[in-house]
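Report on the structure
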Amino acid sequence: MLAKPSHDAEDREQVDRVRRVLTTAAGGAPVEVRAPASDEEYAAAVASLAAPVPQDAVVLGGDGSVHRLLQELHDQGLLPATVGLVPAGTGNDLARSAGIPLDPQDAAPIAAAGRPAPRGLLVDDTGGIVVNAVHAGVGAEATASAGEVKGVLGKAAYAVGALRAGLTSRGWHLRVVVDGRTVADGSEPVLMVTLALGSSVGGGTRVAPTARPDDGLAEVVLARGTSAIARTSFARDLRKGRHTRRRDVTVTRGQEVLVEAVGPQDAFHVSVDGDVPPGRIRRRTWRVEPDAWRLRVPTDPPATAPPSP
């Protein structure tokens, strides 16, 4: 099991409880706990999963922790792999969309012995991976703002970040091409572009309600409204999960997506699985790699969530 390093006694006690549940669920098989502090220690811990016999990994953490694991597995050529998840993050959107309980004690048996469900990955032209969703535009700005207060506000930080970004963003002139078809030519500004394999972000906001992580396609949500009224109403509709019904929102699906800045002032941040890498970029291409990994999920799939009013 991979867990974040911690000197907090309560965190260490949680790790021990989860380890005991995992051991029981795995029929008494030993569970090794790793909490690597450095990048080198983390790479070595991941490499050890492959030898002498391939082993499953269990992550105690959030979407960012799963992202880090899969990025390392991808870089070391160890995919496909089977991963269990015990959610202990802020948003836990991977767990939510897969029907994994958010209580660590309830999630641990599934992480050890749940059904391995195939999942795709988005891989960009620099080798970076996306597990759940990547945003350009106001979504990335919102995540960057949320990151400033997430340690204090927890899940509520996403709402604060979205409010900040919605009040200040004026849009970006971006060219967006999905499987060779231009869906935005950059002549008009857009508010946000989201590529999603999972349906929710930010702790349950259903940004791409019909996205499926196992169908080999990314759902692309393009929001065009950049006026003050449009930004405010889009944020309201996004929270209620009804933004995809708007006339200024386009939803499409594809395997390869290009996002490119048109003007000199249109370089953009990206938010990848809740993390905003430093610096702005002008161009990036993402491609879906289907069945790239497997996530252990409940044996009975979760019921489909009813549409938002």
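Bear in mind that the values here come from a model prediction, so they are computed numbers and not experimental data.

Reading the values: rules and limits
- Residues numbered from 1 in each chain as written.
- Predicted model: local features only at pLDDT ≥ 70, side-chain atom pairs only at ≥ 80, totals over all residues.
- Heavy atoms only, no water.
- Helix = DSSP H or I, 4+ residues; strand = E, 2+ residues; numbered from the N terminus.
- Buried < 20%, exposed > 50% of the residue type's maximum accessible area, 1.4 Å probe, protein only.
- 1 Å grid on protein atoms, 1.4 Å probe; cavity = no way out; pocket = protein on both sides within 12 Å on 5 of 7 lines; lining within 4 Å.
- Points joined across faces, edges and corners; volume = space filled by probe spheres on them.
- Pairing = 2+ DSSP bridges.
- Contact = heavy atoms within 4.5 Å.

Focus on the environment of T126
Counting through the fold element by element, T126 comes out in the loop between β4 (115-124) and β5 (129-130). A relative accessible area of 54% means that T126 is categorised as exposed. Placed 159 residues apart in sequence, T126 and T285 show a C-alpha to C-alpha distance of 8.7 Å.

Comments concerning empty space enclosed by the protein
Per the stated rule, a full pass over the model turns up one cavity of 30 Å³ or more. In this structure, the largest cavity spans a volume of roughly 60 Å³. For the lining of the largest cavity, the secondary-structure elements that each account for two or more residues are α4 (93-98), β4 and β14 (283-297).

Let's talk about the pairing of strand β9 (residues 192-196)
Among the five residues that make up β9, five are buried, leaving the element largely enclosed by the rest of the structure. On β9, burial covers both faces: M192, T194 and A196 on one face and V193 and L195 on the other are all buried. Summarising the sheet, strand β6 (residues 133-137) and β9 pair through five bridges and their orientation is antiparallel. Note that in β9 the partner of H135 across the bridge is T194. In this sheet, strand β10 (residues 218-223) lies alongside β9 in antiparallel orientation, the contact comprising five bridges. The partner of T194 across the bridge, within β10, is V221.

Thoughts on the environment of L69
Counting through the fold element by element, L69 comes out in helix α3 (residues 63-75). Distance from L69 to A43, taken between C-alpha atoms, is 9.1 Å for residues 26 residues apart in sequence. Contacts of L69, omitting those with residues within four sequence positions, involve L2, Y42, V46, L49, A57, V59 and V83.

By themselves these figures say nothing about function.
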